[in-house]
Amino acid sequence: MATQNSTIVSNFEATPPVLNNTTAVGGRVRVAQGSVAVAADGTGSGDIIMLAPIPSNASIFSIRLAADDLDSGTPALAWNIGVYSSGGTVKDVDAFASAVTLGQAATAFTEYAFEARDIAECGQAVWQDAAETADGGGWYYIAASISTAAATGAAGDLSFIIEYVVD
């Protein structure tokens, strides 16, 4: 029987020990959560809802979203969950989720952090999710953007819980 160590364990057992990034072990868990009242005309193609600012050095491990029925016609509504600069420029429109059907009917909280993101990217920083080559510091917005417009938009709430680790 073989035993394989994660990088965290290998670093711990090294002589001398190698410090792990605090987003991998020992970091503090933070949360950004809230609700957005979506207008009936707020579910058109290309519409964007900026959910929360997250520090560039944070590592997101959970993005849960819930929504009322925001598409009262024959459901077509689909969303991307991605990363935007704090100035509102798209960095990766579907870094976390692509064309998910949230809000086609009332939707309970559902996990989306790894719907499109590769599981091997678990533990990477938001600046890496934003496809940057280095951490420039600051903040990024996590956003939900419409990839397919609602057939018949309906007003309702979109709620989010984003959990991340930082120093």
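For the structure itself, look to the data block above.
Each chain carries its own residue numbering, running from 1 in the written order of its sequence. Predicted model: local features are reported for residues with pLDDT of at least 70 only, side-chain atom pairs are reported and counted for 80 or more only, and whole-chain, interface and lining totals are derived from all residues. The basis for the side-chain values is all heavy atoms of the structure; hydrogens and waters are excluded.

Novice: Help me get a handle on the packing of aromatic side chains, residues and values and all.
Specialist: Only centres within 6.5 Å qualify two rings of Phe, Tyr or Trp (six-membered ring in Trp) as a pair; their planes then separate them into stacked at under 30 degrees, edge-to-face at over 60, and tilted for everything else. Applying the stated rule across the entire model yields zero aromatic pairs. In this structure, arginine 117 is placed above the aromatic ring of phenylalanine 114, and the distance from its NZ or CZ to the ring centre is 4.1 Å. By the criterion adopted, a ring carries a charge over it if an Arg CZ or a Lys NZ lies within 6 Å of its centre and within 35 degrees of its normal.

Novice: Lay out the nonpolar core in plain terms, naming residues and giving numbers.
Specialist: Within this scheme, the nonpolar core is defined by two criteria: the residues are buried Ala, Val, Leu, Ile, Met, Phe, Trp, Tyr or Cys, and they are joined through side-chain atoms within 4.5 Å. Accessibility here uses a 1.4 Å probe with only protein chains present; expressed as a share of the type maximum, an area under 20% marks a residue as buried, one over 50% as exposed, and anything in between as partly exposed. The biggest cluster of nonpolar side chains holds 37 residues, and the ones touching the most others in it are Ile54, Ile60, Ile63, Trp79, Ile81, Ile142 and Ile162. A run of H or I in DSSP counts as a helix once it spans at least four residues, and a run of E counts as a strand once it spans at least two, with each numbered from the N terminus. For this core, the secondary structure elements donating two or more residues are strand S1 (28-38), strand S2 (48-55), strand S3 (59-67), strand S4 (78-85), strand S5 (90-100), helix H2 (126-129), strand S7 (139-148) and strand S8 (156-166). Counting residues per element, this core draws most heavily on S8, which supplies five residues.

Novice: Break down unusual backbone geometry for me, citing the residues and quoting the values.
Specialist: Among all residues save glycine, negative phi is the norm, and among peptide bonds the norm is trans. Cis geometry marks the peptide bond from threonine 15 to proline 16, where omega comes out at -5 degrees. Along the polypeptide, proline 16 turns up in the loop between helix H1 (7-13) and S1. Phi is positive for alanine 131, which is not a glycine, with a value near 65 degrees.

Novice: Please set out the pattern of salt bridges residue by residue, giving values where relevant.
Specialist: Any two side chains of opposite charge can pair, given that their charged atoms come close. Within this document, salt bridges are pairs made up of a side-chain nitrogen of Lys or Arg and a carboxyl oxygen of Asp or Glu, the two lying within 4 Å of each other. Evaluated as defined, the whole model comprises four salt bridges. The salt bridge partner of aspartate 167 is arginine 28, with a shortest N-O separation of 3.3 Å. Of the two residues, aspartate 167 sits in the segment after S8 while arginine 28 sits in strand S1, which places them 139 residues apart along the sequence. Across the pair glutamate 132 and lysine 91 runs a salt bridge, and its minimum N-O distance is 2.9 Å. With glutamate 132 in the loop between H2 and S7 and lysine 91 in strand S5, this residue pair connects regions lying 41 residues apart in the sequence. Residue classification places glutamate 132 among the partly exposed residues on the basis of a relative accessible area of 28%.

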